[in-house]
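Here's the letter readout for the chains.
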Amino acid sequence: MPQIWDDPTTSDARRKALLRCLIDKVILDCGDHDIAVGRIVWRGGAVTRLEVKMRVTSLSKLARGEEMRQRALALAREGIDDDAITAVLTSEGHRSPTCEDKVLPVTVQKMRLAEKVELRRPRTRWTHGREALSAPELAAKLSIPVNWLYVQIRKQRLMVDRQRNGAYIFSDTEDVLKGVLDLRNHAIGSLDLRSCQPDQEGHQYG
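The structure displayed is predicted, hence computed values, not measured ones.

(A) Geometry of the overall build of the chain. Within the chain one finds eight helices and nine strands. Each of the 206 residues in the chain was classed as buried or not, and the buried ones make up 32%. Summarising the internal contacts of the chain: among those between residues at least 6 apart in sequence, 47% fall at separations of at least 24.

Next up, the structure:
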């Protein structure tokens, strides 16, 4: 069957005819939220269950809409900007009502403003020296997703000092770059890049 289906000489009409021979019926249940459940009943009695994400008209129609709203507001109250919140929510599997696979910044902004949660600082570009990298710059240099960096920071697998303006800044050194790649490749379980942490015997350097 796969060989016939993938053969470039097999026309769409022939593929439809094959499906009609194999499928008894298709049952679709749209439900009350954004997930439609489909069941394909094959001739012979076997059943395949599928879940399809649908576009909806509002946040309340999303199955995880309230969970996403609470998470977004918690991050916003910590002073995290809309773009960073968007990256975190997307990495956690959330999505906007009109998108199938990601959260849009405007969705985060609407949720935040609806609860009158204001940004603690203007959304401007971070300024730093040439010897340092912002999270997006580090991600670009190492060819890794910036979302992944924010998730590691949130889960405290990647510990780095946060600047007064809210930015995460990384030293542009071979040791730091190698450490982040080792974390990415699961060679190490965590990476502490904080400048220093006081303890009972002095300072512990990251």
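More follows now that the structure is in view.
(B) Structural context of the packing of aromatic side chains. Summed over all chains, the structure comprises zero aromatic pairs. Between the NZ or CZ atom of Arg15 and the centre of the ring of Trp5, over which it lies, the distance is 5.7 Å. Above the plane of the ring of Trp148 lies Arg184, whose end atom (NZ or CZ) is 5.3 Å from the centre.

(C) Geometry of the sheet that holds strand 3 (residues 47-53). In spatial order, the strands read 1-2-3; together these three strands make up an open sheet with antiparallel pairing. The open sheet is flanked by strand 1 (23-29) and strand 3, the only strands paired with a single partner. Strand-to-strand twist in this sheet, taken as the mean axis angle between neighbours without regard to direction, amounts to 20 degrees. Note: strand 2 (residues 35-42) against strand 3, seven bridges, orientation antiparallel. When the sheet's bridge partners are listed, Arg39 is paired in strand 3 with Arg49. Against the sheet, helix 2 (residues 12-22) engages strand 1 and strand 2, with an angle of about 90 degrees to strand 1.

(D) Broad picture of the pattern of salt bridges. Following the criterion strictly, the structure yields twelve salt bridges and no others. A salt bridge links Asp172 to Lys141; its shortest N-O distance comes to 2.8 Å. Note that Asp172 is positioned in the loop between strand 6 (169-171) and helix 8 (174-184) and Lys141 in helix 6 (residues 135-142), a separation of 31 residues in sequence. Residue Lys141 is classed as partly exposed on the basis of its relative accessible area of 46%. Taken together, the shared-partner salt bridges in this structure form one network comprising Glu66, Arg69 and Glu115.

(E) Structural detail: the nonpolar core. Within the largest apolar cluster, 36 residues are counted, with the highest numbers of intra-cluster contacts made by Ile85, Leu89, Leu138, Leu149, Phe170 and Val180. Taken together, the elements giving at least two residues each to this core come down to helix 3 (65-77), helix 4 (82-91), helix 5 (105-114), helix 6, helix 7 (146-154) and helix 8.

(F) Summary view of the pairing of strand 2. Relative to strand 2, strand 1 runs antiparallel, the two being bridged by six bridges. Following the sheet pairing, Ile27 is matched in strand 2 by Arg39. Counting the residues in the hairpin turn of strand 2 and strand 3 gives four residues, including Gly44, whose phi is positive at 115 degrees.

The rules behind the values
Residues numbered from 1 in each chain as written. Predicted model: local features only at pLDDT ≥ 70, side-chain atom pairs only at ≥ 80, totals over all residues. Heavy atoms only, no water. Helix = DSSP H or I, 4+ residues; strand = E, 2+ residues; numbered from the N terminus. Buried < 20%, exposed > 50% of the residue type's maximum accessible area, 1.4 Å probe, protein only. Contact = heavy atoms within 4.5 Å. Phe/Tyr/Trp six-rings, centres within 6.5 Å; stacked < 30°, edge-to-face > 60°. Lys NZ or Arg CZ within 6 Å of the ring centre and 35° of its normal. Pairing = 2+ DSSP bridges. Axes fitted to C-alpha atoms, helices over the stretch in contact; angles between N-to-C directions. Salt bridge = Lys/Arg side-chain N within 4 Å of Asp/Glu carboxyl O. Core = buried A, V, L, I, M, F, W, Y, C linked by side-chain atoms within 4.5 Å.

Everything listed here is a matter of coordinates, which is why it stays silent on function.
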